[in-house]
Every structure is written in C-alpha cells, then in structure tokens.
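The chain contents come next:
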Amino acid sequence: MSKLVVDVVEASNLMPKDGQGSTSAFVEVDYDSQKQRTRTRDKDLNPSWNEKLVFSLDDPLSLSNRTVDVFVYNERKDNRRSRNFLGRVRIHGSSIVRQGEESLQRFPLEKRSLFSHIKGEIALKVYSVSEEEKKKKPVSGEKEGKVKEVEQIEGKDEKKKVSSEESKSKSTPSSKSDEGKSKTPQTPKPKPNVVTSTTTTTTTTVQHLQKQGKSGEEKKVEVARPVMMHMTHNQPVDYALKETRPQLGVGSGGGFLMREKAGSTYDLVEHMQYLYVRVVKARDLPAKDISGSCDPYVEVKVGNYKGTTKHFEKKLNPEWNQVFAFSKERIQSSFLEAVVKDKDLVKDDFIGRVEFDLLELPTRVPPDSPLAPQWYKLEDKKGERKVKGELMLAVWIGTQADEAFSEAWHSDAAAVNLEGLTNTRSKVYLSPKLWYVRVNVIEAQDLMPSDRSRFPDAQVKVQLGNQMLKTKPVSNRALSPLWNEDLVFVAADPFEDHLILTVEERLAPNKDEILGKTIIPLSSVTRRLDHKPVTSRWYNLEKHSAAEGEKKKEVKFASRIHLRVCLDGGYHVLDESTHYSSDLRPTAKLLWKSSIGVLEVGILSAHNFLPMKTKDGRGTTDAYCVAKYGQKWIRTRTVIDSLNPRWNEQYTWEVFDPCTVITVGVFDNCHLQGGASDKASASKDSRIGKVRIRLSTLEMDRVYTHSYPLLVLHPSGVKKMGEIQLAVRFSCSSLINMMHIYTQPLLPKMHYLHPLSVNQLETLRHHAMQIVALRLSRAEPPLRKEVVEYMLDVDSHIWSMRRSKANFFRIMNVLSGLVAVGNWFRDICMWKNPVTTILVHILYLILIWYPELILPTIFLYMFLIGIWHFRFRPRHPPHMDTRISHADAVHQDELDEEFDTFPTSKSSDVVRMRYDRLRSVAGRLQTVVGDIATQGERFQALLSWRDPRATAIFVLFCLFAAIVLYVTPFQVIAVLFGIYVLRHPRFRHRLPSVPLNFFRRLPARSDSML
C-alpha cells in the first residue's frame, strides 16, 4: 500500500499566545479523515520538530483531487484539551511529488477567519511513497538509509532481512547522517534572530503510527533537541543575549536536596553538594619531641584531595576552628580521614586519625542550626586500637547556602597556598558612607602680611586629604578681605583626614606667603539635613614664621577667619554615573524612605572563557564575579583553573528605587600567590567583562534566566571573552509605593534647592570613586582598585571619537520619528494615497469645528499606540549592544586614541594627526551651529529695521493680518490654511514659497564676523 509522508521540520516567527510572550506549539495534519500530530515544543516562537507523519493512500490516483490540511496550535498548560489557533496551511494533492523529488518548502501561515491575527511560516516536506519504490534494492548508502527510514515509519519488523544492509549503511557517513535527519541542499539558512545551540540536548521520543489495522506500537528514536535562544534585534549572533532554562533550586545529583528544597532560600541557583569538615580543636595529644610537647596540625583527606590546617608550635591542646569543603561531584572515595600529625623538619610524625563513612554522614540545609562538633578518640594507622588524644570535629553534607561556605577551604583551590587562599573566598563589602563637606569662606580679619606698607592679595586654600581648592583672589585688597565663596569636598565616614585652611598671599608666580592656618576636625563639624544655613564661626589663624634651613615654629596669634562649615547629608554623593546609578538615596539615614522591594541575583556559571594567562604551558583562567548595587558589593569565590566555572551563589539587595542599575563584573584573579612577592603585589586583576541590568525593565516576581555575553573593547576591537549565566528576580513589596516613586524627583531635594554645577559634580564624583576604591582595597580579602574603577566606569568622561559617533547616531535615531512624521505629512500633501489624504481632510475639518476634541484625540491615539505595542514588548532585559555602541565598525586609530593615556603618551606626529582630525570634526559642528544662529538672527531682523524695506513689508503685513483675523472667524482661517497646505500637486509648483523667499532674504550677523 502507498503512503503519504508529511515531514514537519520547523516553524518560525509564531504569534505569542501564552500571555508571556511565547507559545507552546504543535502541528496537527489532517488527510482523508486521518489525523496525526507532533509533540509540543514548550515556550518557543521558533520551534523545530523534524518529525515524519505517515498516512495511508488507498487510491494514489485520487491524491490529486484531495488536500492536506496542516494546522499549528498552541497547547495551553492549564487545560490540555484547550488550544489556541496559530495558523494553517492547505496543500493540494496535485503539488505532492514522489519520494526522491521532494524539497523543503516554506509556507506562510494562513488565517482561519477574517478576524484571526496570524503571523509566521512553517517548513514542510511532503511526498508520496509507492509500494514498488519500497521493494527496489537500494543502490547507494543514501537510498539504503531512505528505504530503512520508510520501513521504520510503516512499523514492519524486517530487521533480520536488512541487517547486513544496515551495517553497511552505518559505516557510510552519508547514510549515518541521513538516518537522523533528511539531508536537503535546498534547506535555507536559519534566520538571524534565532540561535540554535546543540551543546545542550535531551532525549525525546518520536512517535510514528503504524499501518491501519495493526496494533499501534511506539518506536523510540533518540534525537537531539536544540535549545532555541532569542537574541536582541540587530545584534550579531555571537554577541546576542540568550535565554536559558537551568534547573534552579534543584541539585545536580538530586538526593536529599530535592526533598529538602523548601527549607533552602537558594532558589535561583543550582544546588551544589559539599562535604564540610570543621576541625575545631584537639586535647591531650601525646608528646613527640624531647621537650615533652609537639607541633600539631590536622590533615583532612578525601580520595585524592587533601586539606591541611595551620600548625602550632609546642602545644598539646591546639585550637584551629578551620572548615574544609569538598565538592561532592569530584569525590571519588567513600571514606573521610582526619589525621593528626606532628610537624618535623625531616618527616612529620603520625599521632592519630579519625575515619568516617560518607554514606553515614548527616545532611544539613539552612535555616537549620549549625551542626554541633563532637569529640572523637584518635586511632592508630590500622584503626585497630585507640591512642592517646582526642579531636573535636563536625562533619556534614550541605550546600553552598551553608554559613561555612564563604570561609571554608575548597578542594578546587588545593594548589593555592595559605596566603593566597584568602583572596579566593567570597565576601560581602559595604561602600563607605560618603558626605559632601561644604566650606563657606566668608571673610578674614586683621591679616598681618610681612610687608606692612601694602594690602595683601590674599586667598584661602582649603585641603582635605588629596583634595585641594582655592578661593578666587579678592577684588578689593584690604587687611580684612571678603570672599563669601563655597568650596565643596567629599569625605568618608569614619573621618580620617582633617580640614586644613591656609590663608596665603601671592607675592610672585609660584611664590606664596602663609598669613595664617587653622585645622578643623570633621568629627566636630555640624551635620545639615536640609537647606537651612548652619551657624557660622570665627576660627583663629595660627601665624608661622621660619628662618632659612629651620623648622617652622608657632609664634603667636595673629588674625582670624569667618567660616560656615557643615556636612551636607541631604545630597546623594555620586560615585557612579547618573545614567546607570545603583543608589539615589541621600547620605543621611534619617532621610531614607522605606524599601519597595527585593532584588535577588543568582550567579550560576560561565562558559567559553578565553584564557587570561598561561600556567604550565597552557592557557587558564581563575575567575570570580563582583556585583554592585547600592552600597553593597559582593564577591564570589574564585574558581581555580577553569574556563567554564560554576559558582551558583545567590545574593539579595533591598531596592529603594526601581530606576536603578545593578552591575555584575567578571575578573581573573592574579593574586593567588599571596602578597609576599613584589610581582604578585604589582599585578592587577584582568577584566573579563561586565553586565548591567536596569531594574525598571524587569517584570515583578518573574525569574529571568539568561546567558549574557561578556564583551570587552580592546585596542584591536570588540572581543567576546565568554558568557555568564545569571538568574534575576525583582520582587515588589508594595505596588502603590513603587508607582509613587515614579512621581518623585530622581535625586534628593537638595540637588534641586541648592544645585551643584556640572563641573563640581564631575570633580566630586572622581574624588568619591577614589575614596571608595581606597577603602575597599583595605578590606580582607581586598576588592582591588582596578576592580572598583572598572565597576564604577571611572574613565567614562574621557574623550572618545567612537562614543561621540554613537551618541550622534542615538540622537538621529530619536529624531527619526519626527522625520517619519514629516515624510508621512509630505506624502499626504502630495496626495500619494488619495484615500488617506481625503480622510485627513475630514479629520482636520472635524477638529477645527470641534476644537475641544483635539487634546482627547491626541491622548486617545497615544493610548491605542501603547496598547498595541504592549503585545510586542521586550521579554528580556536589554544588554550591551555593539551596534549602538558603534564598536563593530570603529576605525583602528580611533580605538588607539580611546585607549591612550591622559595626558597622551603618543608621538608628536600621531598627536598632530589626531588634532587635525578633531579640528575637521569641530569645523563641521561650527558650520551647523553657525547656520542655526543665522536662522535665529533672521527672525530678530523681522522687527529690528536692519533691512528697512523688509521690516516695512512685514509690519504692513502684520497690520493687514490683524484686521483680517479680527473680522474673520478663526475656524474659517484654519480651514482655508489647511486646504492650502493640503492642496493637490496640480496646484503646486517646485519653486520656493513667497514667505520662504522673504525669510531667506533677511539679513543676519554672519557678514559682521571676522
């Protein structure tokens, strides 16, 4: 009997139907009352099936008079019997070819009714197989594979007859490839908005129904299921943001973690099992040396992994309190052994040991209390008898959610020494509390210069740590000068530096005389929370004199200075750019508002890292992550020697403003050898890449799991350093409070009541970055300066031709909407589409006679546009875009200029070339600015009588227009004006209009410029 085969390959660009921007699609094929369907592809707008559905052909001659109906549906998860229509395709039997002549065809999905909203297409191969073609002996391996495929579809048990042919076909590469999928040269390439990854595959079951009349049996064929990942629009495929589906909250090995999952708060990461050993202390150890004591330490061994505590000299009752963590995935032993040894110069002596069976160990999942350690009697090497001494241990199996995880020695860091081990641990840091220090220098009294015959040219120099500012010289010289000038600094709490004020007289260039000096501790300065001025004070100036070659000595009190000094707590001290700031709260905690939600981030893993350094002749990377949001910084543990590290660490932040950004950076640890050597202390942690996620783009209580490409701009161009996989969830505690936040100012009130200048903010931001970097670099383990500066974008203000071009094209993209509206209106005026132009005429007349409908119409139109765009809203967070950044087409010399130091370190020829290039760009900008000024000056010339004739014409026209507009109703004027603007092209001419000719003849000041 002949067969009809419908090979359902894939579909693309399907309509979202599940309410979450995706669809779970399956295909149902109906031929001659025979219905078959494919399996369901969950959450995929571009599903791939590669399934063959076989139908019986009772009369092959009647095939040309029949049709094959292919339906695409969305399967609803709430009710498996319910489905949504996604489109259909009807194929006439006359277009169906025989086997061997088929090719992949793409059919656009059709509507079922007039009101169906359908889009997308489906790829099919439809062909017929006759009885005679099946019985023909295959000539080549390719035909052999096809015959075998058809017989599998029919369900005939003929394995014994073709066993020899199958063995030949398996040895042939072409046959082997054709068994899993059809090899068709005409198959088009995948569309650029879909990335198919074959690295993650699962085993699925392909069901084929057998011949009618026989019992249907299922044949399982293992095929690779590609993971369809969505990417951002216009991004290169390799730089795209990919959606992933990790097994969150479940351990890779299952076991107790799957049963106890409800007790763990780590629900955004994959649970990793660890064997924890806490070595607390020992007592009553035997003496091993002549002095009657020993130098004990403990060696913890599990299979090939060994961890060692520090050793104590001459101590029989030592206390270590160290924790060891062994990854259960890498354990290849069923026993744990803790051996107590005595440190010796030649060979360490054995004291005793304790052994545990790993299958008998207890498990612990937080928030359970820590496991209490117990005393264990030491045994000899064979474990046959007890020896003197006891060891206190606690041994359990836990996860990375355990409190001991961050402080533990990890088995994957066995090659790191004790000094470098500190630099591998995960930590949480807090930024120092930053204050703006405002110094209002009012006046000074009774200054005493060295030359009493003249009035001093005095100015005040104020210094706070590395920050130094000076007042402007006084306009009227006197012994009691008046400045009344504000100087603003940045200070970190707790305050380490004092405020030093010096009154100086300028005697000559680079030569100043000190007239007085005072030191003010910041701990005694008043803290201000609002804009009300604080009380001013007089400070005594200490007069110093110094003989040549001698130290300065205090002589006597000479004069005093009037100051108003305060710590401004009403400002937010900017330490990062306002475009992607993570915190906008004021310094003073009394002014903080309650949090509106919680941000949870799971740092899962990374893959395909590029080697950052060489070790033993091969490339390697020791990667760790740093995340910054608000004042809280986190650092994950360092995964040693891995290009595909797995962290699976979860962190939480309080959210006070949704319009903030979290930054996650990845770095290569270059300080694993500790700080002993000069080379280790001088090396810097290398940048691998960073990710920014704006919280306002996230839906509430939704878990976003994506793989983010780590893109770094090098002097050679943009480079992908790898990918990092994150899980992000933003939970809101009060929707009303969140909506209220959108109506509040972005920054605290003081930024608007007493604003700081742009130059002040940029200078203060730079100082704040330096203070934060200095304080965090003094932590243990240190968060190094190069890491903090990269996370805070310390060099974002440096000139870059690439950034300038990117910002220019951003402006053009914003203005493109206005240009599109202008082009549309021009088409209306030119009657490109008469029907549309007539409708615009009618709408214009309605709005003129009913002007109260203008504003409601505009807002209703914007409402409808917003509702329409809701269906196509982004379903994933935005990411670094190389096209927007203009990084994919940047010139090599522009990159070299961007990475140049400041001041420059290039040769004079290179600097001259770049200066000339900058002059040419500035010349174009100068021309544009001049043209804009010219048009404005022509408007001013209308009534300035610079051109008497033009001004007289305009004045008379204004008088005539006033009379006409007074006696004529406004609606009539508006109708006549609209009809004139929208007149038919037959009544137009290509010459400029009279008003435009008049305006272009008006004078401007450009002819007065030199």
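Residues numbered from 1 in each chain as written. Predicted model: local features only at pLDDT ≥ 70, side-chain atom pairs only at ≥ 80, totals over all residues. Heavy atoms only, no water.

As a further point, take the pairing of strand S32 (residues 597-607). The side chains of a regular strand alternate between the sheet's two faces. In terms of residue burial, S32 counts as a mostly covered element, since nine of its eleven residues are buried. Both S32 and strand S37 (residues 646-655) contribute to a ladder of eight bridges, which runs antiparallel. Note on S37: the bridge partner recorded for Ile 603 is Glu 649. Note that S32 and strand S41 (residues 717-732) share ten bridges and pair antiparallel. Across the sheet, the residue bridging to Val 598 is Ser 731, located in S41. (Buried < 20%, exposed > 50% of the residue type's maximum accessible area, 1.4 Å probe, protein only. Helix = DSSP H or I, 4+ residues; strand = E, 2+ residues; numbered from the N terminus. Pairing = 2+ DSSP bridges.)

Moving on to the packing of helix H13 (residues 834-849) against helix H18 (residues 970-981). Relative to each other, H13 and H18 sit at 165°, their axes nearing to 10 Å. Classified by the angle their axes make, H13 and H18 are roughly antiparallel. When you trace H13 past H18, the crossing you get is right-handed. Along its contact with H13, which presents Tyr 844, Leu 845, Ile 848 and Trp 849, the element H18 presents Gln 971, Ala 974, Val 975 and Gly 978. In terms of residue class, the contact of H13 with H18 is built from six nonpolar, two polar and no charged. (Axes fitted to C-alpha atoms, helices over the stretch in contact; angles between N-to-C directions. Parallel < 35°, antiparallel > 145°, perpendicular 65-115°, else oblique. Left-handed = near helix turned anticlockwise from the far one by under 90°. Contact = heavy atoms within 4.5 Å. Nonpolar A, V, L, I, M, F, W, Y, C, P; charged D, E, K, R; others polar.)

Summed over all chains, the structure comprises five cavities of 30 Å³ or more. Of the voids in this model, the largest cavity is the one considered here, and its volume is about 170 Å³. Residue composition of the lining of the largest cavity, by class: four nonpolar, five polar and five charged. (1 Å grid on protein atoms, 1.4 Å probe; cavity = no way out; pocket = protein on both sides within 12 Å on 5 of 7 lines; lining within 4 Å. Points joined across faces, edges and corners; volume = space filled by probe spheres on them.)

Turning our eyes to something else, we now look at the confidence of the model for the protein. Mean pLDDT over the protein works out to 81, with 85% of the residues at or above the 70 mark. Low confidence marks residues 136-233, where pLDDT is under 50. Its contacts with residues over four positions away, or in another chain, come to 132 contacts. Counting contacts from residues 252-264, a segment whose pLDDT is below 50, to residues more than four positions away or on other chains yields 24 contacts. (pLDDT = per-residue confidence, 0-100.)

A few words on the packing of aromatic side chains. Two aromatic rings, taken as a pair, are described by how far apart their centres are and by the angle between their planes. If you walk through the whole model with that rule in mind, you get 18 aromatic pairs. By way of ring pairs, the aromatic residues Phe 26, Phe 71, Tyr 73 and Phe 85 are connected into one cluster. Its guanidinium or amino end placed over the ring of Trp 538, Arg 560 lies 4.2 Å from that ring's centre, counting from NZ or CZ. (Phe/Tyr/Trp six-rings, centres within 6.5 Å; stacked < 30°, edge-to-face > 60°. Lys NZ or Arg CZ within 6 Å of the ring centre and 35° of its normal.)

Another aspect to go through is the nonpolar core. Core analysis: the biggest nonpolar cluster contains 65 residues, and Leu 599, Trp 633, Trp 647, Trp 653, Val 666 and Ile 724 have the highest contact counts within it. Here Trp 653 is in contact with Gly 597, Val 598, Leu 599, Val 601, Ala 627, Tyr 629, Lys 632, Ile 634 and Ile 662, once residues within four sequence places are set aside. In terms of nonpolar packing, the next biggest core, distinct from the first, is built from 33 residues, Ala 338, Leu 361, Leu 378 and Ala 413 among them. (Core = buried A, V, L, I, M, F, W, Y, C linked by side-chain atoms within 4.5 Å.)

Another aspect to go through is H13. With 16 residues, H13 extends 23 Å between its outermost C-alpha atoms, agreeing within 8% with the 22 Å of an ideal straight helix rising 1.5 Å per residue. Buried within H13 are the following residues: Thr 837, Val 840, His 841, Leu 847 and Ile 848. Take H13 and look down its axis: the buried residues cluster within an arc of 135°, on one side only. In H13, the exposed residues that point more than 90 degrees away from the buried face are Val 835 and Leu 839. (Expected span 1.5 Å × (residues − 1). Arc of directions from axis to C-beta.)

Here we come to the pattern of salt bridges. The tally for this structure, following the rule as stated, stands at 56 salt bridges. Residues Glu 407 and Lys 427 are paired through a salt bridge, measuring 2.5 Å at the closest nitrogen-oxygen approach. In this pair, Glu 407 sits in the loop between strand S20 (386-398) and strand S21 (409-410) while Lys 427 sits in strand S22 (residues 427-430), placing the two residues 20 residues apart along the sequence. In this structure Lys 427 comes out as partly exposed when scored by relative accessible area, which is 22%. Measuring nitrogen to oxygen at the nearest pair gives 3.1 Å for the salt bridge that ties Lys 613 to Asp 622. Through salt bridges with shared partners, a single network forms among Asp 893, Asp 896, Glu 897, Asp 900, Lys 906, Arg 914 and Arg 917. (Salt bridge = Lys/Arg side-chain N within 4 Å of Asp/Glu carboxyl O.)

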